[in-house]
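Okay, here's what each chain looks like letter by letter:
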Amino acid sequence: MSDIDTQLYLISPPETGGSFPSRLERALNASTGLVTAFQFRVKDVDQHEAARLAGPLHEICASRDIAFIVNDSIPLAKRLRADGVHLGQGDGDPAEAREALGREAQIGVTCHASKHLAMEAGEAGADYVAFGAFFDSTTKNKGDAERPTPELIEWWAHLFELPVVAIGGITPENCAPLADAGADFLAVSGAVWNAPYWAGEGADEVTAIKAFAAKLR
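This text gives an overview of the structure that appears in the document. What you see is a predicted model; the values in this text were computed from it and never measured.

**Focus: the nonpolar core**
If you look at the biggest cluster of nonpolar residues, it comprises 64 residues, and the most contacted ones within it are Leu-10, Leu-24, Phe-38, Phe-40, Phe-68 and Leu-186. In terms of residues, this core owes the most to one element, helix α2 (residues 47-63), which gives seven residues. With residues up to four places along the chain from it excluded, the contact list for Leu-186 reads Thr-6, Gln-7, Leu-8, Tyr-9, Ala-166, Ile-170, Cys-175, Leu-178 and Leu-216.

**Examining the environment of Ile-69**
Structurally, Ile-69 can be placed in strand β3 (residues 67-71). When its relative accessible area of 2% is taken as the criterion, Ile-69 is described as buried. For the pair Ile-69 and Asp-83, spaced 14 residues apart in sequence, the C-alpha separation works out to 5.7 Å.

**A word on the sheet that holds strand β1 (residues 7-11)**
Taken in spatial order, the eight strands close into a barrel running β1-β2-β3-β4-β5-β6-β7-β8, and their pairing is parallel. Each neighbouring strand pair of the sheet contributes to a mean axis angle of 25 degrees, computed without reference to strand direction. Bridge analysis of β3 against strand β4 (residues 84-87) gives three bridges, and the strand direction is parallel. The residue bridging Val-70 from the neighbouring strand is Val-85, located in β4.

**Digging into helix α10 (residues 205-216)**
For α10, spanning 12 residues, the distance from its first C-alpha to its last is 16 Å, which sits close to the expected 16 Å at 1.5 Å a residue. If you check the start of α10, you find a side-chain oxygen 3.1 Å away from the backbone N of Val-206, and it comes from Asp-204.

**Some details on the packing of aromatic side chains**
The way to describe two aromatic rings as a pair is by their centre distance and the angle between their planes. What the rule picks out here adds up to nine aromatic pairs. On the basis of an interplanar angle of 75 degrees and a centroid distance of 5.8 Å, the ring pair of Tyr-9 and Tyr-128 is categorised as edge-to-face. On the criterion of sequence distance, the pair formed by Tyr-9 in strand β1 and Tyr-128 in strand β6 (residues 128-131) is long-range, its members being 119 residues apart. Tyr-128 gets classed as buried once you look at its relative accessible area, which sits at 7%. Aromatic rings pair up to connect Phe-20, Phe-38, Phe-40, Phe-68 and Trp-193 into one cluster. Taking NZ or CZ as reference, Lys-115 lies 4.6 Å from the ring centre of Trp-155, over its face.

**Re the pairing of β1**
Along β1, five of the five residues are buried, which leaves the element largely enclosed by surrounding structure. Burial along β1 is two-sided: the residues Gln-7, Tyr-9 and Ile-11 and Leu-8 and Leu-10 are all buried. Alignment of β1 against strand β8 (residues 185-188), held across four bridges, turns out to be parallel. Within β8, the position partnered with Leu-8 by the bridge is Leu-186. Looking at chain direction, β1 and strand β2 (residues 35-40) are connected through four bridges and run parallel. Counterpart to Leu-10 in the pairing with β2 is Phe-38. Assessed by its sense of winding, the connection that carries the chain from β1 through helix α1 (residues 20-29) to β2 is right-handed.

Rules of the game
Residue numbers restart at each chain and count upward from 1, following the sequence in its written direction. The predicted origin of the model limits local features to residues at a pLDDT of at least 70 and limits the giving and counting of side-chain atom pairs to 80 or more, whereas totals for whole chains, interfaces and linings rest on all residues. Calculated side-chain values reflect all of the structure's heavy atoms, with hydrogen atoms and water omitted. Within this scheme, the nonpolar core is defined by two criteria: the residues are buried Ala, Val, Leu, Ile, Met, Phe, Trp, Tyr or Cys, and they are joined through side-chain atoms within 4.5 Å. The buried label applies to any residue whose accessible area, calculated with a 1.4 Å probe on protein chains only, is under 20% of its type's maximum; exposed applies above 50%, and partly exposed to all values in between. Helix numbers and strand numbers start at the N terminus; a helix is a DSSP run of H or I with at least 4 residues, a strand a run of E with at least 2. When checking whether two residues touch, look at their non-hydrogen atoms; a contact exists if any pair is within 4.5 Å. For two strands to be treated as a pair, DSSP must find at least two bridges joining them. With axes taken as lines fitted to C-alpha atoms, and helix axes fitted only over the stretch in contact, angles between N-to-C directions fall between 0 and 180 degrees. Expected helix span is taken as 1.5 Å per residue step, with the number of steps being one fewer than the number of residues. Nitrogen and oxygen atoms within 3.5 Å of one another constitute a polar contact, given that in protein one can donate a hydrogen and the other can accept it, and given that sequence-neighbouring residues count only through two side-chain atoms. Between the rings of Phe, Tyr and Trp (Trp by its six-membered ring), a pair exists once the centres lie within 6.5 Å; its type follows the angle of the planes, with under 30 degrees stacked, over 60 edge-to-face, and the other angles tilted. Comment: the charge-over-ring label is applied if NZ (Lys) or CZ (Arg) is within 6 Å of the ring centre and within 35 degrees of the ring normal. When the strands point away from the viewer, a crossover counts as right-handed if the path from the first strand over the helix to the second runs clockwise.

Shape is all these values report; function is a separate question.
Here it is as structure tokens:
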């Protein structure tokens, strides 16, 4: 077990072929124990291609005891024998995922800024709930959707034992209030894979992970 209160839940960029497996290894090696889950999130590819792309990433995670979670697709998670699945609203329900993936699977549900959706997810058997987007995000762009606040995390953490994930536009520069509010995990993507955007030229995934570590440890 890690001694870090808030850990990172790393989400893949849209492109996971080419050199990405090496980038993932570098990110995971940059701070042992900080990243505890990785979400495979690809769009607009068929299941066969998704499985091909996922294979080496799954192996990298398994070798480090990092949970490999598939985004949206229960069938793909089952095919890959993934550690779990993350469900958006409309991507299936936790009971369906549990039946397909087994009782050991980690099942998460996106709840946006809704206390009601989060409580429903918990009652349906989810292993964690995810609130967001907290900040502007390329992966969680909901337009005029209600923006959650750190107070929502604080409310959840005070009342429920189910882990809570914060997601959406999170960087080392804005993560502290979410961690202080009680977030168990910070789901991050662009801040790691597009590090030069916030950290300047020459920054990379190692720069980003170390910057998160400095804020969370």
